[in-house]
Amino acid sequence: MTVSRRGFLGMAGGAVAGGTLSGGQPAAAARQMPHAVAAGDAEPDIDQALLWWPPTRNVNTPIGWKDHLFRFTSFYNGSLVAAPMPPLNQTPGTVKYREEGFQLDFGCWDGWFDKDVYPALYPGHFYVYREDMGFYGVGQQHWSSARTPVLCTEYRTHKGVTIRQSVFAHLKGGGAVSTGVEPLYAWIRLEVTDILPIAMDDGGPVGFAIRVGRNYYTFELPYRFQDGITLTGYPEKSPFLADVTGVNVSVGGRNGVRISQPDEARAAELGWPNNTRPGGVRMEILTDAATRPNWTQPSSRIYNLRTYLDKRVGSTCDILLAMLPQPAAEFDRELALGYEGALAECERFWSAKPATAATIRTPEPYVNELIDRNTQFSEVIAEKIPGTNQFSFLTGNHGYDVLWTTPSSFTSHMFLDPLGYHDVVAKHTEIYLGTQGTLKPPGSAYTVHPGYYGSPRSVQAIDWLSDHGAVMHLAATHALLTGDQAYVTKWTESLVKACTFVKDVCALTGHKGIPGLPPPGVATDEGTEVVSVWTVGWFYKGLTSAIKLLKKVNHPRAAEFQQEADRYKSVFLQAFTSYNSTQPTWLHPDGNRYPVYSENLQDVSAHPFGEVPRLDTGPMFLVYAGLMAGSDTRMQKFADYFRYGPNVAHWGNGSRKNPLDRPILDREISSCEPIYSWNLWISWATGDRHRFLEGMYSLMAGGHSVQTYTPFEHRHGMSSCQGTNGSAVWMLRHAIVDDEIVDGELHLLRICPRSWIATEPTVFQNIPTFYGPVDVKFSRASDGALELSYAARWRDKPTSVVLHFPVEAGITAARVNGSTVTRGPDNTAVIGP
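Residues numbered from 1 in each chain as written. Predicted model: local features only at pLDDT ≥ 70, side-chain atom pairs only at ≥ 80, totals over all residues. Heavy atoms only, no water.

A.B. asks: Any details on helix α11 (residues 533-552)? Residues and values, ideally.
C.D. replies: Every α-helix winds through 3.6 residues per turn, so residues three or four apart in the chain are directed the same way. When the terminal C-alpha atoms of α11 are compared, their 29 Å separation across 20 residues agrees well with the 28 Å that a helix rising 1.5 Å per residue should span. Counting buried positions along α11 gives 17 out of 20 residues, so the element sits mostly inside the fold. Immediately beyond the C-terminal end of α11, within one or two residues, lies Asn554, with a positive phi of roughly 55 degrees. (Helix = DSSP H or I, 4+ residues; strand = E, 2+ residues; numbered from the N terminus. Expected span 1.5 Å × (residues − 1). Buried < 20%, exposed > 50% of the residue type's maximum accessible area, 1.4 Å probe, protein only.)

Right, here's the structure in full:
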């Protein structure tokens, strides 16, 4: 099942020469220097951004294993779901498991409940955050200090006792997946971590109620309330299909309950042997409290566990939950590891790091952990495709568990490759080689072409024509950042065919589009065939990225494709100017009227989301695509339309009710989908420091959960949706190490936040660039000067390495590798190669 995405709303020393491959950058007429912030102005930092952006609702967080077909999902209120088939969008391999969901709801009863059981479910559909009273319910979340993703939910009880729920996933054997469907478990620990000195004491243990049923958290269609895509409870989904049994057990001096499911009949199309899903042990709970847990059945096939903890710090209760029912011998094998034993295996697994991986450490711990945890999410929200040796990233968890290629490409070219996780990118994008030329592009003017990249059907959500350009860009960027000759050899002719596809389709005639540009096609989820800025921009971005690579390897067709790119850009700019000459205008605060540019280049029926595409997939994207310069007045005034225009006045002083309300730039990010805040590339290109940093920090605080760092498609809506992390990390990486702002130059600290100039060093180590890996480490010395260590391992030297003095942080003097450098009149110094 696929639901429309939008329709649903130590530093290394010495420079090393070597290798034959390097990258290139878009040509620039001159260096764009950052605009200084006026003296006394408060510059954005993460602490400010966290005040701008209240915590998001409806947070879900994936708890899983790299590339496993299944993931557990922890919700902001502590509820834990094991849904082998996700509730909204599913890849084909998970459909077999559609009836196997399992959900645990947790809550202390020490005064909040009338009985020592979980309250009955509402009789009708309900928004979950309304039931549990807001952003956190009774839980507040954070990650443990372990390298393993161990998610902690704090329950601060009425009587003054704090209980921590900790949960992590463990794969049988503790190593990399082989089949992708090996037994997967969630280890859950409840532990008393604090007791107030004047805590209320009734002399008894601390009670915990756990409701046990099938997963019933999903999303409601269509948009109905203020968050658009709102986590919704469907109580009728909660009862199990057959009776579940709970048997008292005692293990190692601890008392508990073992919960098992019987063999159950399944529909023939699901493919279970003998049309029967084999039963087995699903869960066991063990407590060190003197009071034994109690298993009851208050309603039809929905169960309650009453469990207890002694009222002392350190008292624990452990729960082992299998993703699928397991034979007793297999479950006992895992149980014998214990919580600590399983965690030790996980620590070995999660501590491994590729030699190419970058390290980024700033004086802002929030920023550091956001990078670290999203690096893990990127491989958890992915799968090994059943029955194959292929891997794929997915777009999200517990909702978008399929692949939209264009936004998911951000995980590669904006996030993991710039962080040095090159093998991960190569492994998860190999699938495009296998499907190239086998799929028809989504448009009536198109036929199957040997060069077209489309989303593989084994994971595909909805075909976007832009996917072709996105794959070209991610593959070429990977080659340019890595210099991996084996990869270049494997992909070069594939990219040549992809460039040929662009050239061939631009030569097509007899369609309803614009001669010389790609014919109309499906641009996003709505299915309308149109010549869109989005598609045209991605084709150009992919084409020019591929050309850079082909030039580096002296491919004989590089000049031919460069000529095609120049022609393409000229035709587009003429068409853009012509079509938008008749568009409505708006009154700018400067007293002039400017066009409200369209996201398309031809008339189509009104978009159901109104102006949202103008912002998210419209003309500002052209700066990132390379079809417009950030200094172009048209782009700057169009960004102002969303900052100061009639939509802002239309909102008034009230609060937004839905991400599909008339769009604006809210603290420099899109009010609909933060991932698509293309205005930030305008600010980057022009050196608009304050807006750049306001948007960069807003992506991290407003586009992510401030507790678990999970990225959102839009605030309060679709959580654990990859992509926003890519936009944020692209920004912070280029703030310090920028290999794209000027062709042939590497710029350091060009838009460095003031907060990163501190006595505590900021470290950007082993950062991949188009020229080779770079190490940068800097701090404020005791004399107020910038102390910077810099090293590089060049594949191809840039013409110059430019240091920007962070004058906004009061830095007017600098030492590089121990030697004083002279600040020029533009607050820069050339420090290399």
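A.B. asks: Residues and numbers for the pattern of salt bridges, please.
C.D. replies: Enumeration according to the criterion identifies 46 salt bridges in this entry. We note a salt bridge from Arg189 to Glu340, for which the minimum N-O separation is 2.8 Å. Taken as a pair, Arg189 in strand β9 (residues 184-195) and Glu340 in helix α3 (residues 328-351) lie far apart in primary sequence, 151 residues in all. With a relative accessible area of 13%, Arg189 lands in the buried category. Ionic pairing is found between Arg373 and Glu369, a salt bridge with its closest N-O pair at 3.5 Å. Residue Arg373 and its partner Glu369 are both found in helix α4 (residues 365-380); the two are separated by 4 residues, about one turn of the helix. Overall, the relative accessible area of 5% leaves Arg373 in the buried class. The class for Glu369 is partly exposed, based on a relative accessible area of 24%. (Salt bridge = Lys/Arg side-chain N within 4 Å of Asp/Glu carboxyl O.)

A.B. asks: Tell me about the sheet that holds strand β31 (residues 745-748), and name the residues and values.
C.D. replies: One open sheet accounts for 4 strands, arranged β30-β31-β35-β38; its pairing is mixed. Each edge of the open sheet carries a strand with a single partner, namely β30 (737-738) and β38 (828-832). Direction of pairing for strand β35 (residues 800-804) relative to β38: antiparallel, over a ladder of 4 bridges. In the strand pairing of β38, Val802 is matched with Val830. (Pairing = 2+ DSSP bridges.)

A.B. asks: Outline the confidence of the model for the protein chain, listing residues and values.
C.D. replies: Per-residue confidence for the protein chain gives a mean pLDDT of 91; residues scoring 70 or more make up 91%. Per-residue pLDDT stays below 50 along residues 133-137; that stretch engages in 13 contacts with residues further than four places along the chain or on separate chains. (pLDDT = per-residue confidence, 0-100. Contact = heavy atoms within 4.5 Å.)

A.B. asks: Got a sec to walk through the side chain of Glu745? Specific residues and values, please.
C.D. replies: With respect to the element layout, Glu745 can be found in strand β31. Polar side-chain contacts of Glu745 include one of 2.8 Å to the side chain of His747. (Polar contact = N/O pair within 3.5 Å; in protein donor to acceptor, adjacent residues only side chain to side chain.)

A.B. asks: Tell me about the environment of Ser581, residues and numbers included.
C.D. replies: Tracing the backbone shows Ser581 in the loop between α12 (558-580) and β26 (585-587). For Ser581, a relative accessible area of 57% corresponds to the exposed category. For the pair Ser581 and Lys490, spaced 91 residues apart in sequence, the C-alpha separation works out to 45 Å. Within the local environment of Ser581, its side chain forms a polar contact with the backbone oxygen of Ser578, the two atoms lying 2.6 Å apart.

A.B. asks: Describe the packing of helix α17 (residues 679-686) against helix α19 (residues 724-736), and please don't skip the residues or the numbers.
C.D. replies: Between α17 and α19, whose axes approach to 11 Å, the crossing angle comes to 5 degrees. Considering the angle they form, α17 stands roughly parallel to α19. For the pair α17 and α19, contact is made by Leu680, Trp681 and Trp684 and by Ser727, Trp730, Met731 and His734, respectively. Tallied by class, the residues present in the contact of α17 with α19 amount to 5 nonpolar, 2 polar and no charged. (Axes fitted to C-alpha atoms, helices over the stretch in contact; angles between N-to-C directions. Parallel < 35°, antiparallel > 145°, perpendicular 65-115°, else oblique. Nonpolar A, V, L, I, M, F, W, Y, C, P; charged D, E, K, R; others polar.)

A.B. asks: Describe in detail the packing of helix α15 (residues 633-644) against α17, supporting the description with residues and values.
C.D. replies: At their nearest, the axes of α15 and α17 sit 10 Å apart, and the two run at 130 degrees to each other. With respect to each other, α15 and α17 are oriented oblique. Relative to α17, the crossing made by α15 is left-handed. Contacts between α15 and α17 involve Met635, Gln636, Ala639 and Arg643 on the former and, on the latter, Asn679, Ile682, Ser683 and Thr686. (Left-handed = near helix turned anticlockwise from the far one by under 90°.)

A.B. asks: Which residues make up the environment of Ser315, and what values do they have?
C.D. replies: Its location among the elements puts Ser315 in the loop between β19 (302-309) and β20 (316-326). If we ignore the near neighbours within four places in the chain, the residues touching Ser315 are Leu190, Glu191, Val192, Asp288, Leu309 and Asp310. Reaching out from Ser315, the side chain makes a polar contact with the side chain of Asp288 at a distance of 3.0 Å.

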